[in-house]
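# Observations on the three-dimensional arrangement
What follows is each chain in one-letter form.
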Amino acid sequence: MNELLRSLGLVPFFTQQLSGSELQPERLGRVMVVQRSNIRVLCGTGEQLAELSPALRQAGPAERPTVGDWVVLDESLHRAERVLTRKSLFKRVSAGENSDLQPIAANIDVLFIVTSCNEEFKESRLERYLALCSEAGASPVIVLTKADLTEDADEYVRRAHTTQAGVPVEVVNPHQPDSLEALKAWIGKTSTVALVGSSGVGKSTLLNALAGDDIAATGAIREDDKKGRHTTTHRQLHILPSGGLLIDVPGMRELRVAELDGSIATVFDDIEQLARQCRFADCHHVQEPGCAVLNAIENHQLDPRRLVNYQKLLRENAQATSSIAEKRSRARDFAKMVKHGKAAKEQKHKL
Ligand SMILES: Nc1nc2c(ncn2[C@@H]2O[C@H](COP(=O)(O)OP(=O)(O)O)[C@@H](O)[C@H]2O)c(=O)[nH]1
Ligand SMILES: [Mg+2]
Ligand SMILES: [Zn+2]
C-alpha cells in the first residue's frame, strides 16, 4: 500500500473493507477537517476537497464522515462515497433539546484527557471523560498541564490516579521540554491521538509543542486581538513531523453521556466490586444495612464524591439513552408512515 496512506494510519482493518477498484491511493483518504458542506481529505496522492454523496448527506450524524474517518471517493475524486467502518469513535450527546449522538473523532488509538494543575482540575470531569473514552474504544492517558503553576504537581498526579484503576498519568511542564518525551512515546509513529479537555487547559499549546511549530492558535493570541478569531474553533487532524497524528478537539462546554453500556462500570470498577459484597443484591448504597460501599466510605477507602458521581452518571446515562431511543423510534414510525402513504397513493393511481 501507498506510503503516505500507511503513515496516516491505514492498517489491514481498513484495507480489508475495500473492493478491487477502491484500492487506489487517489480514491482513499483520511478526513482532516469537516466543513459545512465539504470535507478535506488527505488521500494517497495528496489533499482533496470533496463533497458528500447524496446518501451521506441524508445519513444520520453518526453515519456522516467525521474527523479521522477513512473515506472512499468516487471516480471523479470530488465526492465522498462511503465511510469505512470505524475502529473507534469518540462521541457525545449534542447540546440542546434535540439530543442526539454527535461523533467527535474517529479511529483514534489514544485519547489524551488534558487537565491543568489548578482549580480547573476536577476528578468528576475526568471520570466522565474516562467513561466516554472507554466507550469509544480508545486508550486513555490523563495529561496534566501547567505544572509550572503549582508547588505540588505530585498531589495532582495522585488525585488523577484515583479516577480509574491503572490509568496512565503524564505531566508536562513548559520549563522542562523533555517532559514531552513521554507524550511522544504514546503518539508513536502512526497512531492517532485526540486531545480533549476544557477550554484553556493548554491543548493547542501542547499540539504546537509536539509539532514543533505554531500550527494551532492558542488562547494567548485571543487576548491580543480580543476576537477569538485565532483560537481553535474546529476539529482538525494534524500530522506531526515525527510521525503520528493529533486531533485537537476544541473545549466542549457540555459533555453529556448516553449509550455508555458497560463503560461506567469499567471506570468505577472499584465500586462495582464493592457492590458485589453488599448484603442485598439490589442495594442502592444509600442507607441499607450491610452495604459494603458505604462501609468503604466510612473507612476512608472510598471518596464519597466518587460514589455520588458514579450514581449521577448512571442516572444521566439512563435518561439520555432512553430519550435517544424514543427519538429514533419516532423517526422510524414517521418513515413507515411516509412509505405507507406513498404506497396508498400509488395504489389509488393504479385503480
Ligand atoms: N503557565 C502555563 N501556561 C500554559 C501552559 N499551557 C498552556 N498555557 C496557557 O494557557 C492558555 C490557554 O492555552 P491553549 O493552548 O489555548 O488552551 P486550549 O483552549 O486547551 O487549546 C494560553 O495562554 C497558554 O499560553 C502551561 O503548561 N503553563
Ligand atoms: Mg485550543
Ligand atoms: Zn450497597
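Note that this is a predicted model, so its numbers are computed, not measured.

Cut-offs used in this document
Residues numbered from 1 in each chain as written. Chains lettered and ligands numbered in written order. Predicted model: local features only at pLDDT ≥ 70, side-chain atom pairs only at ≥ 80, totals over all residues. Helix = DSSP H or I, 4+ residues; strand = E, 2+ residues; numbered from the N terminus. Buried ≥ 20, exposed ≤ 12 C-beta atoms within 10 Å, placed from the backbone. Contact = placed C-beta atoms within 7 Å. Pairing = 2+ DSSP bridges. Axes fitted to C-alpha atoms, helices over the stretch in contact; angles between N-to-C directions.

What follows is about the overall build of the protein. What the protein contains, in helices and strands, is 12 helices and 13 strands. Overall, the C-alpha framework of the protein stretches about 75 × 60 × 45 Å when taken along its three principal axes. When burial is assessed residue by residue, the protein has 35% of its 351 residues classed as buried. Sequence separation of 24 or more characterises 62% of the internal contacts of the protein that already satisfy a separation of 6 or more.

For Leu-180, the location among the structural elements is in the loop between β10 (169-171) and α6 (181-187). Assessed through the 17 C-beta atoms surrounding it within 10 Å, Leu-180 is described here as partly exposed. Separated by 135 residues in sequence, Leu-180 and Arg-315 have C-alpha atoms that sit 38 Å apart. What Leu-180 contacts, discounting residues up to four positions off in sequence, is Val-172, Ala-209 and Leu-210.

The pairing of strands in a sheet happens through backbone hydrogen bonds and is either parallel or antiparallel. A barrel is described by the order of its strands in space; here 5 strands give the closed sequence β1-β2-β3-β5-β4, paired in mixed fashion. The average undirected angle you get between the axes of adjacent strands in this sheet is 55 degrees. Here 3 bridges tie strand β1 (residues 28-34) to strand β4 (residues 70-73), and the two strands are oriented antiparallel to one another. Bridge pairing links Gly-29 to Val-71 in β4.

With that settled, consider the pairing of strand β6 (residues 89-93). In the case of a regular strand, side chains alternate between the two sheet surfaces. Counting buried positions along β6 yields 5 of 5 residues, so the element is predominantly enclosed. Side chains Leu-89, Lys-91 and Val-93 of β6 all project onto a buried face; the interleaved residues Phe-90 and Arg-92 project onto the opposite face, where all are buried too. Bridge count for β6 against strand β7 (residues 101-106) is 5 bridges, and the pairing is antiparallel. Bridge assignment links Val-93 to a residue of β7, and that residue is Leu-101.

The next thing to look at is the sheet that holds strand β12 (residues 236-239). Read across the open sheet, the 6 strands follow the order β10-β9-β8-β11-β13-β12; overall the sheet is mixed. Edge strands, defined here as strands with exactly one partner in the open sheet, are β10 and β12. For this sheet the average axis-to-axis angle between neighbouring strands, irrespective of direction, equals 25 degrees. With 4 bridges joining them, strand β8 (residues 110-116) and strand β11 (residues 192-196) adopt parallel strand pairing. Its bridge partner being in β11, Ile-113 is matched across the sheet by Val-196. The sheet strands contacting helix α4 (residues 123-136) are β8, β9 (139-145) and β11, and the helix crosses β8 at an angle near 170 degrees. Most of the contacts of helix α7 (residues 203-211) go to strand β13 (residues 245-248), to which it runs at about 160 degrees, and overall it touches β8, β9, β11, β12 and β13.

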